[in-house]
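Listed below are the residues making up each chain.
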Amino acid sequence: QVQVVESGGRLVQPGGSLRLSCAASGRTFGSYVMGWFRQAPGTERAFVAFISGSGSVTYYADSVKGRFTISRDNAKNTVYLQMNSLKPEDTAVYYCAAGRLQTIMSDRYAYWGQGTQVTVSS
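Residues numbered from 1 in each chain as written. Predicted model: local features only at pLDDT ≥ 70, side-chain atom pairs only at ≥ 80, totals over all residues. Heavy atoms only, no water.

*Asks:* A description of the environment of Tyr-60 should follow, citing residues and the corresponding values.
*Replies:* Note that Tyr-60 resides in strand β6 (residues 58-60). On the basis of relative accessibility, which here comes to 15%, the residue Tyr-60 falls in the buried class. Along the backbone, Tyr-60 and Val-48 are twelve residues apart, and their C-alpha atoms lie at a distance of 5.9 Å. Once you skip the residues sitting within four places of it in the chain, Tyr-60 turns out to touch Phe-47, Val-48, Ala-49, Lys-65, Phe-68, Thr-69 and Ile-70. (Helix = DSSP H or I, 4+ residues; strand = E, 2+ residues; numbered from the N terminus. Buried < 20%, exposed > 50% of the residue type's maximum accessible area, 1.4 Å probe, protein only. Contact = heavy atoms within 4.5 Å.)

*Asks:* I'd like a description of the packing of aromatic side chains, backed by residues and values.
*Replies:* For the structure shown, the criterion picks out nine aromatic pairs. Their ring planes at 70° and their centres at 6.4 Å tell us that Tyr-109 and Trp-112 sit as a pair that is edge-to-face. Look at Tyr-109 and you get buried, because its relative accessible area is 4%. According to the relative accessible area criterion, Trp-112 is partly exposed, its value standing at 25%. Three or more aromatic residues link up through ring pairs in this structure, and these residues are Phe-37, Phe-47, Phe-50, Tyr-59, Tyr-95, Tyr-109 and Trp-112. A cation sits over an aromatic face here: Arg-45 above Trp-112, 4.7 Å from the ring centre. (Phe/Tyr/Trp six-rings, centres within 6.5 Å; stacked < 30°, edge-to-face > 60°. Lys NZ or Arg CZ within 6 Å of the ring centre and 35° of its normal.)

*Asks:* Tell me about the pairing of strand β9 (residues 92-99), residues and numbers included.
*Replies:* Along β9, seven of the eight residues are buried, which leaves the element largely enclosed by surrounding structure. Pairing of strand β4 (residues 33-39) with β9, which is carried by seven bridges, proceeds in the antiparallel orientation. Looking at the pairing, Arg-38 lines up with Tyr-94 of β9. (Pairing = 2+ DSSP bridges.)

*Asks:* Run through the pattern of salt bridges, naming residues and quoting values.
*Replies:* Taken as a whole and assessed by the stated rule, the structure comprises three salt bridges. In this structure, Asp-62 engages Lys-65 in a salt bridge whose closest nitrogen and oxygen atoms are separated by 3.1 Å. A salt bridge links Asp-90 to Arg-67, with the shortest nitrogen-to-oxygen separation between them at 2.8 Å. Of this pair, Asp-90 sits in the loop between β8 (78-83) and β9 while Arg-67 is found in the loop between β6 and β7 (68-73), placing the two residues 23 residues apart along the sequence. Assigned by exposure class, Asp-90 and Arg-67 land together as buried. Taken together, the shared-partner salt bridges in this structure form one network comprising Arg-38, Arg-67 and Asp-90. (Salt bridge = Lys/Arg side-chain N within 4 Å of Asp/Glu carboxyl O.)

*Asks:* Run through the state of the cysteines, naming residues and quoting values.
*Replies:* Throughout the structure, instances matching the rule amount to one disulfide. Covalently, Cys-22 is tied to Cys-96 through a disulfide, its sulfur atoms 2.1 Å apart. Judged by the sign of its S-S torsion, about -80°, the bond between Cys-22 and Cys-96 is left-handed. Here Cys-22, found in strand β3 (residues 18-24), pairs with Cys-96, found in strand β9; they are 74 residues apart in sequence, far enough to count as distant. (Disulfide = S-S within 2.5 Å.)

*Asks:* Lay out a nonpolar patch on the surface with the relevant residues and their values.
*Replies:* A surface patch of nonpolar side chains, about 290 Å² in accessible area, is lined by Tyr-59, Ile-104 and Met-105. Using a relative accessible area of 44% as the deciding quantity, one classes Met-105 as partly exposed. (Patch = residues over 30% accessible without salt bridge, like charges linked within 9 Å, V, L, I, M, F, W, Y side chains within 5 Å. Areas by Shrake-Rupley, 256 points an atom, 1.4 Å probe, with all protein chains shown as cover.)

*Asks:* Lay out the nonpolar core in plain terms, naming residues and giving numbers.
*Replies:* Ranked by internal contacts, the top residues of the largest apolar core, which has 35 residues, are Met-34, Trp-36, Leu-81, Met-83 and Tyr-94. Of all the elements in the fold, those that place two or more residues in this core are β3, β4, β5 (46-51), β7, β8, β9 and β11 (116-120). Not counting chain neighbours up to four residues away, the residues in contact with Tyr-94 comprise Glu-6, Leu-20, Trp-36, Phe-37, Arg-38, Val-48, Phe-68, Leu-81, Met-83, Gly-115, Thr-116 and Val-118. (Core = buried A, V, L, I, M, F, W, Y, C linked by side-chain atoms within 4.5 Å.)

See the structure below:
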């Protein structure tokens, strides 16, 4: 069992930066693929990025490639999402998830946090 808790969401102006954190419980954190997803009002949950257990493999949605960076610190059981050059269309609830597969499919992730709200607006 893994519990994950996201933090760091807030209101930010277009062009600004924000770093989200996801703290996970358990001694096997390093064995899990960690993913970030987001969901805007009236839309389905969408893949943002994932990182392998060791951190050696990362993958991004085209919409965030070059602007967002996913990283992890296994000693701290934490994964991060650094978001730069934020746009209004990045506004969403951002979710952290843990799973065993390197995949963009949300239903392959077994453990989810409650989400953190990111609002990009002037």
